[in-house]
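Residue-level structure breakdown
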Amino acid sequence: MTGKRAGGARRIQIMDAEEIERTIARMASEIVGSNGSDLLLVGIHTRGIPLARRLAERISSITGTEVPVGRLDITLYRDDVGPWRPAHQQPLLKETVLPVPIDDLVVFLVDDVLFTGRTIRAALGSLVDYGRPRAVRLAVLVDRGHRELPIAADVVGKVLPTTGAEDVQVHLAEVDGDDGVWVGKEPGHAG
Amino acid sequence: MRRLLIRNGRVVDPSQGLDQGMDVLLEDGKVARIGERIRVKAETPVLDAAKLVVAPGFIDLNAHLCEPGYEHRETIASGCRAAVAGGFTAVCCCADTKPVNDEPSVTAFILERARDAALARVYPVGAVSHGLAGTELAEIGEMVRAGAVAVGDPGPVANALLMRRALEYARSFGIPVASHAENVSLSDGGLMHEGVVSTRIGLRGMPAAAEEVVVARDLMLARLTSGRLHLRHLSTAGSLELVRAAKAEGLAVTCEVAPHHFSLTDEDLAGATYNSDWKVNPPLRSADHLEAVKQALYDGTVDAIASDHTPQHRDDKELDFSEAPSGAVGLETAVSLAVDRLVHGKVIGIGRLVRLFSIGPAQAFGLPGGTLRPGSPADVTILDLRRRVTVDPKSFRSRSRNTPFAGIKLRGAPVVTIVGGRIAWRAEG
Amino acid sequence: MPVESASELKRKDVVGIAPLEPAEIQLILDTAEELLEVARRPIKKVPVLRGATVVNLFMEPSTRTRFSFEMAEKRLSADTLNFSASTSSVSKGETLVDTARNLMAMAPDYIVIRHPNVGAPHRLAEVVPASIINAGDGINEHPTQALLDAFTMRQHFGRLEGLNVVIAGDIRHSRVARSNAFLLNKMGASLRFAAPASLLPAGVEELGAETFLRLEPALEGADVVMMLRIQRERQAAVNFPSAREYYDFFALTEERLALAAPHAVVMHPGPMNRGVEIDSAVADGARSLILDQVTNGVAIRMAILYLLAGGRGAATADS
């Protein structure tokens, strides 16, 4: 989940492509270290998906075994869709594919930015309808604080304290063409 | 001696070939004199008709007045109020009352009610068949003696033999037989005109042929019987072509058209989202049929414009399109529609328009009136060809409001209606 | 050229295919694609319409369509209320508008209506604030059927544009044929009707199909053959003589199916008259997509319910 690009607003680059790669490598070994086998990585649309794939590659180069990667669209579980939105303006649905049954696996939800925690709550609600994992854990590239629900990440790439007026932007080459993490101040942006 | 002088008007009277500025003097319920600059005593009431058309009182050949039996839709009194407000001095009312007007006591009742209302003249059209069932002749002679001027079932007579016998029998009484030409099996439950529009919006259609096969049948029966045939509310090019040919041959046939058939098409119905105020029978046809109606009005094939005033209660019209009854009210819109669509629409001149509402209907049914020849009844319709009106059903005098013309702006309207020398209605302003 | 999808529906109701733009049709199909997956989960339910109420107002007999709608509604966690002509207190002559006003006292978010009178959903949509979904109005339209048919075709062929589709049967009285005709024309498919002239509507050119008075010539090169149910209930003997005659000349047999393209598929909106318009061997054969149509029907109906949702409370901010 990323913030919006603001034309003309101040942006500071926090991570470049090389730093992202190093961070992902470190995250991968943390995941392996504490969880071992029976893993499933599930990337949350949109950028959680390439992130999950990169983690999976790293993990399989460490352990020598393939880690399955799934994709999750949480739209149907959000707390701000359905009757609560303005009439017939529902968000577009994207695909959900879980390549293996999730019972008794350790499922790692993967997302780019952890912010209020509502996306992860929706993701948890969704997973419950697919089965009963042994455990659900969370890996994020950036934790920018400002939780609105009691949600915490198990594996964090970078802790990035931000103010409410600031905006965090993550680019991943598979989606955006380049790699990087920026923080920007958008005039009037409520966060 | 009751007098009224109508001064300065443009007198249009096709029965006398008149269209010029003249005065008309009415006395004791009759036309006393027409001429230029009639002089009268100072106390004689004068109506200034400057810039207005002064015509023989308009006659509507086809209106449903619903009484006895359906007073929730209309009464004879409310229907007469609507008639005079629409410029009509006389109305021929249909037999689909309850009880049906198929015998003299109902005919007499209707005339009595009309007398009580004391507004427009009412000429009952009795039923052809007993109970409108289409199997046995009604007491035609008795009804004529009680005051009926014609007979006609307001719905189709499927039995060709019955129609033949009616045309033959009516000859003894010198009256025409009016026919609603429709083959119900060909209509096949149709709700609108069958064509590309009905296919587009998914409503069952009735083909033009459903009307035309019975027009052909009735014309042949008229030829066979030498009877007098009057064809109701013709709506298709084929029907009018058949009448044109029959008249050329010299057959005693007359016909009428209703204002909605020269004003609206099936496309207009499609634009109304299945609103049953657009549901009429015969249905609104496609544009080529509408053009044929206008052509027939122009070339004299059509004898009369008749409103086919069909009041329906709002609860009934609120039913789904397939269940709602057909029909629209028309007494209060017919004349304005005709002036606007036909005269201002450059289809016919004012002389023809007056003919279609006066001498045409009078001759079709053998009625007194339709002329301002001295000695004729003092029935006068005064029109303002330039008056702008907006059709407002809430202001109708009729008890019913079912019209597809709500909100339409028209140019041309009646302003004074005089019956028997008395002003029965006058426009405000 | 394939159609771009809209981002939202531009209306509060789906009363027919006729008012829909191609982009909206594409959006419904794309959304249904994602919702198919719900049927493959262990728990076949998502919470998105939790707290929404749907009234199923079926004034014409129907088990399959109503069942399909109910399943779609329940899979989205909506609450359903069922009214049918026989069980409700609707008496003859009570206007539809009155019935709807009484129902609105329960504040439903949706009314799914099947009615024998053409135009009933359209009038309801004007009068009632709920979202109206047409499950079939007389002989006029059956939009969800056409959408699931198109979805099935697209699922199999990967596209709708340029497909040769044959619809055979009582076209004149078929709301399925009409809705399919509107939709396939909007999406660039090529349509043929095969029926005796007594079963074709007047003004059939308005429906954008090439017409054939026999089935065999229509089948040449066809990608999709859709057979319609022959209505035997209503006065049928006036329009065609008998079931035997219909079978002899217009039924889809294996011999006739062989005239179509080698990859052609068979569809039917159901319920089928086996041995009248279609042979069992064909209906149950490898080329039949009839069961897929049923599965897809639920997804399409879920998609419409989802896309029409909203308007009850203030939207909370994106997290």
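See the structure above.
Note that the structure is a prediction, hence the values are computed from the model and not measured.

1. Quick word on the overall build of chain A
Counting secondary structure elements, chain A contains four helices and eight strands. Helices and strands appear in chain A in the N-to-C order β-α-β-α-β-β-α-β-β-β-α-β. Against the 2.2 N^0.38 benchmark of 16 Å for 191 residues, chain A shows a C-alpha radius of gyration of 17 Å, consistent with a compact globule. With respect to the three principal axes, the spread of C-alpha positions in chain A is 45 × 45 × 30 Å. Carbon and sulfur atoms make up 51% of the accessible area of chain A, which totals about 8,400 Å².

2. Here we look at the packing of helix 2 (residues 64-75) of chain C against helix 11 (residues 290-308) of chain C
Residues and elements named next belong to chain C. Here helix 2 crosses helix 11 at 55°, and the two axes come no closer than 8 Å. If you check the angle between helix 2 and helix 11, you find them oblique. The hand of the helix 2/helix 11 crossing is right-handed. Here Thr65, Ser68, Phe69, Met71, Ala72, Glu73 and Arg75 of helix 2 lie close against helix 11, whose contacting residues are Gly297, Val298, Arg301, Met302 and Leu305. When the residues that make up the contact of helix 2 with helix 11 are grouped by side-chain class, the tally is six nonpolar, three polar and three charged.

3. A short note on the interface of chain C and chain B
Tallying the contact residues gives 24 residues for chain C and 18 residues for chain B. Here chain C and chain B share an interface that buries about 1,700 Å² over both sides, 49% of which is from carbon and sulfur atoms. When the area that chain C buries against chain B is broken down by residue, the three leading residues are Asn117, Arg123 and Glu206 of chain C, summing to 31%. Between chain C and chain B we count two salt bridges in total.

4. Structural notes on the interface of chain C and chain A
Contact with chain C, which involves 36 residues of that partner, is made by 30 residues of chain A. When the two sides are added together, the surface that chain C and chain A hide from each other amounts to roughly 2,600 Å², 57% of it contributed by carbon and sulfur. Here chain C is connected to chain A by zero salt bridges. Counting every contact that joins chain C to chain A gives eight residue pairs in polar contact (both at pLDDT 80 or more). Of all the secondary-structure elements, those providing two or more residues to the side of chain C that touches chain A are helix 1 (22-35) and helix 11 of chain C. Among the elements that make up the side of chain C that touches chain A, the one with the highest residue count is helix 1 of chain C (four residues). Partitioning the side of chain C that touches chain A into residue classes produces 18 nonpolar, seven polar and eleven charged.

5. A few points about the packing of aromatic side chains
As enumerated under the stated definition, the model contains four aromatic pairs over all chains in all. Ring plane angle 15° and centroid distance 4.9 Å describe the contact between Phe58 of chain B and Phe357 of chain B, whose orientation is recorded as stacked. Of this pair, Phe58 of chain B sits in strand 6 (residues 58-63) while Phe357 of chain B sits in helix 13 (residues 350-357); the two residues are 299 residues apart in sequence, bridging distant segments of the chain. Given a relative accessible area of 0%, Phe357 of chain B falls into the buried group. Members of the aromatic cluster, connected to one another through ring pairs, are Phe58, Phe88 and Phe357 of chain B. When the ring centre of Phe69 of chain C is taken as origin, the NZ or CZ atom of Arg301 of chain C, which lies over that ring, is 4.8 Å away.

6. Looking at the sheet that holds strand 7 (residues 166-171) of chain A
Residue and element names in this part refer to chain A. Ordered by their spatial adjacency, three strands build an open sheet running 1-8-7, and the pairing between neighbours is antiparallel. Each edge of the open sheet is held by one strand with a lone partner, namely strand 1 (11-15) and strand 7. Pairwise comparison of adjacent strand axes, ignoring direction, gives a mean angle of 25° for this sheet. As judged from the four bridges shared by strand 1 and strand 8 (residues 180-185), these two strands associate in the antiparallel manner. Bridging across to strand 8, Met15 finds its partner in Val181. Each of strand 1, strand 7 and strand 8 is contacted by helix 1 (residues 17-35), which is oriented at about 40° to strand 1, the strand it contacts most.

7. Points about the pairing of strand 2 (residues 39-44) of chain A
Residues and elements named next belong to chain A. Burial runs high along strand 2: six of the six residues are buried. On strand 2, burial covers both faces: Leu39, Leu41 and Gly43 on one face and Leu40, Val42 and Ile44 on the other are all buried. Here strand 2 runs beside strand 4 (residues 106-114); their pairing, made up of five bridges, is parallel. By the bridge assignment for strand 4, Val42 is matched with Leu109.

8. Let's talk about the packing of helix 7 (residues 208-225) of chain B against helix 8 (residues 237-249) of chain B
Residue and element names in this part refer to chain B. At their nearest, the axes of helix 7 and helix 8 sit 8 Å apart, and the two run at 15° to each other. When the interaxial angle is binned, helix 7 and helix 8 end up roughly parallel. The handedness of the crossing between helix 7 and helix 8 comes out as right-handed. For the pair helix 7 and helix 8, the contacting residues are Glu211, Glu212, Val215, Ala216, Leu219 and Arg223 in the first and Ala237, Gly238, Ser239, Leu242, Val243, Ala246 and Glu249 in the second.

9. Here's the deal with the arrangement of the chains
By number of contacts, the leading pair among the two pairs of chains in contact is chains A and C. Over all C-alpha pairs, chain A and chain B never come within contact, reaching a minimum spacing of 23 Å.

10. As for the pattern of salt bridges
All names here are of chain A. Tallied over the entire structure, the rule returns 46 salt bridges over all chains. Between Glu174 and Arg54 there is a salt bridge, with its nearest N and O atoms 2.8 Å apart. In this pair, Glu174 sits in helix 4 (residues 173-176) while Arg54 sits in helix 2 (residues 48-63), placing the two residues 120 residues apart along the sequence. By relative accessible area, Arg54 is classed as buried at 12%. Each of Glu21, Arg54, Arg58, Glu174 and Asp179 takes part in one network of salt bridges that share partners.

11. Points about the side chain of His173 of chain C
Its place among the elements puts His173 of chain C in the loop between strand 5 (164-168) and helix 6 (175-186). We classify His173 of chain C as buried; its relative accessible area is 10%. Only 3.0 Å separates the side chain of His173 of chain C from the side chain of Asp170 of chain C, close enough to count as a polar contact. Sequence-distant contacts of His173 of chain C, defined by excluding residues within four places in its chain, comprise Arg204 of chain B together with Ile139, Gln231 and Asn239 of chain C.

12. Focus on empty space enclosed by the protein
Counted according to the given criterion, the structure contains seven cavities of 30 Å³ or more. Of the pockets and cavities examined, the largest cavity occupies roughly 100 Å³. Along the wall of the largest cavity there are 13 residues; nearest its centre are Asp73, Leu76, Lys94 and Thr96 of chain A together with Arg41 of chain C. A breakdown of the residues in the lining of the largest cavity according to their chemical character gives five nonpolar, two polar and six charged.

13. Some details on a nonpolar patch on the surface
Residue and element names in this part refer to chain B. On the surface, a nonpolar cluster with roughly 230 Å² of combined accessible area is contributed by Leu137, Tyr169 and Phe173. On the secondary structure map, Tyr169 appears in helix 4 (residues 160-170). Relative accessible area serves as the criterion here: at 36%, Tyr169 is assigned to the partly exposed category.

14. Here's the deal with the nonpolar core
Ranked by internal contacts, the top residues of the largest apolar core, which has 117 residues, are Ile6, Leu297, Leu353 and Ile382 of chain B. A per-element tally of this core places helix 12 (residues 334-343) of chain B first, with seven residues. Apart from residues no more than four positions distant in its own chain, Ile6 of chain B is found in contact with Met22, Asp23, Val24, Leu26, Leu47, Ala49, Val54, Val380, Ile382 and Ile418 of chain B. Among the nonpolar cores identified, the runner-up in size contains 101 residues, and Ala135, Leu147, Phe157 and Ala189 of chain C belong to it.

The rules behind the values
- Residues numbered from 1 in each chain as written.
- Chains lettered and ligands numbered in written order.
- Predicted model: local features only at pLDDT ≥ 70, side-chain atom pairs only at ≥ 80, totals over all residues.
- Heavy atoms only, no water.
- Helix = DSSP H or I, 4+ residues; strand = E, 2+ residues; numbered from the N terminus.
- Rg over C-alpha atoms; globule rule 2.2 N^0.38 Å.
- Areas by Shrake-Rupley, 256 points an atom, 1.4 Å probe, with all protein chains shown as cover.
- Axes fitted to C-alpha atoms, helices over the stretch in contact; angles between N-to-C directions.
- Parallel < 35°, antiparallel > 145°, perpendicular 65-115°, else oblique.
- Left-handed = near helix turned anticlockwise from the far one by under 90°.
- Contact = heavy atoms within 4.5 Å.
- Nonpolar A, V, L, I, M, F, W, Y, C, P; charged D, E, K, R; others polar.
- Buried area = accessible area lost by both parts, 1.4 Å probe.
- Salt bridge = Lys/Arg side-chain N within 4 Å of Asp/Glu carboxyl O.
- Polar contact = N/O pair within 3.5 Å; in protein donor to acceptor, adjacent residues only side chain to side chain.
- Phe/Tyr/Trp six-rings, centres within 6.5 Å; stacked < 30°, edge-to-face > 60°.
- Buried < 20%, exposed > 50% of the residue type's maximum accessible area, 1.4 Å probe, protein only.
- Lys NZ or Arg CZ within 6 Å of the ring centre and 35° of its normal.
- Pairing = 2+ DSSP bridges.
- 1 Å grid on protein atoms, 1.4 Å probe; cavity = no way out; pocket = protein on both sides within 12 Å on 5 of 7 lines; lining within 4 Å.
- Points joined across faces, edges and corners; volume = space filled by probe spheres on them.
- Patch = residues over 30% accessible without salt bridge, like charges linked within 9 Å, V, L, I, M, F, W, Y side chains within 5 Å.
- Core = buried A, V, L, I, M, F, W, Y, C linked by side-chain atoms within 4.5 Å.

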